[in-house]
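Single-letter residue listing:
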Amino acid sequence: MTRGKFIAFEGGEGAGKSTQARLLAQALTERGIECVVTREPGGTPGAEAIRTLLLGTEGEGWHPRAEALLFAAARSDHVERLIGPALEAGKWVICDRFVDSSRAYQGGAGGLSDADVLDLHRVGSQGLLPDLTLLVEVRPGVAEARASARDQGSSDRIGGRDAAYHARVAAAFARIAEAEPGRFARIDGNNNSERVFGDVLGALQSRFGAF
Ligand code: TYD
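Because the structure is predicted, anything quoted here is derived from the model rather than measured.

Q: I keep staring at the site of the ligand and nothing clicks. Help me out?
A: Taken together, 17 residues form the shell around the ligand, and within it Glu13, Arg97, Ser102, Gln106 and Arg150 come nearest. The side chain of Arg97 places a nitrogen or oxygen atom 2.9 Å from an oxygen atom of the ligand. The side chain of Ser102 places a nitrogen or oxygen atom 2.6 Å from an oxygen atom of the ligand. Computed on the free molecule, the ligand has an accessible area of 550 Å², of which 94% lies beneath the protein chains in the complex. A per-element tally of the shell around the ligand places helix α4 (residues 99–109) first, with four residues. Broken down by class, the residue content of the shell around the ligand amounts to five nonpolar, four polar and eight charged.

In structure tokens form, the structure reads like this:
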């Protein structure tokens, strides 16, 4: 059994990752490729329970280090119980956010070092990395308009942080992608979803050839 491919979408709030993940799953299914679409934080019952702890707006919130540990714990359960077994079974896994979100949010924007975030990932998830990470980038105005239309004024604890935090997230994503050009493809998410999806398919073809 050939191991499946692991594809992650990354980017800030309102970048259109979930739409692209859904379109990609449809396209793969049409080509006869079995795939699983999942998200972080979440994807398994345990990780969804941690998601509620992380994103709920009650209480005083988490220190960046506690936040990073909780994301790593959720990811560990997700990798152990869902992502790993699906890949082993030959399925392709499409994940809406993965470890690079922790590197950008808890690392670049939250102040943890990249080495610490990667250490947590090594312990929690044996350092598993996607075969391809699609970083969907949008201009701040576009992202805010989409996120507020979607959330209708009720953003979660992290989404609701100020513009400076989200600017640090975007800058960190860009730095991480530049440092690993073999794993990353940067996608211009400012266009309509059909055009963006064309670029997503183009990135898959250059990474994996015809599929
Ligand atoms: P979600 O509603 O899934 O975000 P979006 O639809 O914008 O992708 O909420 C996930 C939030 O958690 C989002 O603000 C990003 C944040 N996050 C981290 O801070 N670190 C992480 O490792 C992950 C996976 C997400």
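Q: Just checking my understanding: could you explain the pairing of strand β3 (residues 92–96) for this structure?
A: A regular strand places its side chains so that they alternate between the two faces of the sheet. Of all the five residues making up β3, five are buried; the element is thus mostly covered by neighbouring parts of the structure. Burial of β3 is two-sided: the residues Trp92, Ile94 and Asp96 facing one way and the residues Val93 and Cys95 facing the other way are all buried. In the sheet, strand β1 (residues 6–10) pairs with β3 via four bridges, with the strands oriented parallel. If you follow Ala8 over to β3, its bridge partner there is Cys95.

Q: Whenever I open this one, the sheet that holds strand β5 (residues 184–188) confuses me. Can you help?
A: Sheet strands pair by backbone hydrogen bonding; their relative direction is either parallel or antiparallel. Taking strand neighbours across the sheet as the criterion, the five strands line up as β2-β3-β1-β4-β5 in an open arrangement whose pairing is parallel. Every other strand in the sheet has two partners, leaving β2 (35–39) and β5 as the edge strands with one partner each. Geometrically, the sheet is characterised by an average inter-axis angle of 20° between neighbouring strands, direction not taken into account.

Q: Even after reading the chapter, I still don't get the packing of helix α1 (residues 17–30) against helix α8 (residues 193–208), so can you show me in this structure?
A: Helix packing for two helices is described by the angle between their axes and how far apart those axes are. Between α1 and α8, the shortest axis-to-axis distance is 10 Å and the interhelical angle comes to 60°. The angle between α1 and α8 falls in the class oblique. α8 is crossed by α1, and the crossing has right-handed handedness. Residues Thr19, Gln20, Leu23, Leu24 and Ala27 of α1 pack against Ser193, Val196, Phe197, Val200, Leu201 and Leu204 of α8. Among the residues making up the contact of α1 with α8, the classes are represented as eight nonpolar, three polar and no charged.

Q: What is the right way to read the nonpolar core from this model?
A: As a rule of thumb, soluble globular proteins bury nonpolar side chains together. Counting residues in each nonpolar core, the largest one holds 25 residues, and the members touching the most others are Phe9, Leu24, Leu134 and Leu204. For this core, the secondary-structure elements that each account for two or more residues are β1, α1, β3, β4 (132–137), β5 and α8. In terms of residue count, the dominant contributor to this core is α8 (seven residues). Beyond its immediate sequence surroundings of up to four residues, Leu134 is in contact with Ile7, Ala8, Phe9, Glu10, Ala185, Ile187, Val200, Ala203 and Leu204. Listed in part, the 19 residues of the second largest apolar core include Leu70, Tyr105, Ala109 and Ala172.

Q: Would you take a moment to explain the packing of aromatic side chains for this structure?
A: For any pair of aromatic rings, the description consists of the separation of the ring centres together with the inter-plane angle of the planes. Taken as a whole and assessed by the stated rule, the structure comprises four aromatic pairs. With a centroid separation of 6.2 Å and 55° between ring planes, the pair formed by Tyr105 and Tyr165 is classed as tilted. Of this pair, Tyr105 sits in helix α4 while Tyr165 is found in helix α7 (residues 163–179), placing the two residues 60 residues apart along the sequence. Looking at Tyr105, the relative accessible area reads 4%, which means it is buried. Judged by centre distance (6.2 Å) and plane angle (80°), the ring pair of Tyr105 and Phe173 falls under edge-to-face. You can see Tyr105 sitting in helix α4 and its partner Phe173 sitting in helix α7, a full 68 residues away along the chain. Its relative accessible area of 2% is what places Phe173 among the buried residues. Taken together, the aromatic side chains of Tyr105, Tyr165 and Phe173 make up a single cluster linked through ring pairs. Here the basic side chain of Arg75 rests over the ring of Phe98, its NZ or CZ set 5.5 Å away from the ring centre. When the ring centre of Tyr165 is taken as origin, the NZ or CZ atom of Arg161, which lies over that ring, is 5.0 Å away.

Rules behind the numbers
- Residues numbered from 1 in each chain as written.
- Predicted model: local features only at pLDDT ≥ 70, side-chain atom pairs only at ≥ 80, totals over all residues.
- Heavy atoms only, no water.
- Near = heavy atom within 4 Å.
- Polar contact = N/O pair within 3.5 Å; in protein donor to acceptor, adjacent residues only side chain to side chain.
- Areas by Shrake-Rupley, 256 points an atom, 1.4 Å probe, with all protein chains shown as cover.
- Helix = DSSP H or I, 4+ residues; strand = E, 2+ residues; numbered from the N terminus.
- Nonpolar A, V, L, I, M, F, W, Y, C, P; charged D, E, K, R; others polar.
- Buried < 20%, exposed > 50% of the residue type's maximum accessible area, 1.4 Å probe, protein only.
- Pairing = 2+ DSSP bridges.
- Axes fitted to C-alpha atoms, helices over the stretch in contact; angles between N-to-C directions.
- Parallel < 35°, antiparallel > 145°, perpendicular 65-115°, else oblique.
- Left-handed = near helix turned anticlockwise from the far one by under 90°.
- Contact = heavy atoms within 4.5 Å.
- Core = buried A, V, L, I, M, F, W, Y, C linked by side-chain atoms within 4.5 Å.
- Phe/Tyr/Trp six-rings, centres within 6.5 Å; stacked < 30°, edge-to-face > 60°.
- Lys NZ or Arg CZ within 6 Å of the ring centre and 35° of its normal.

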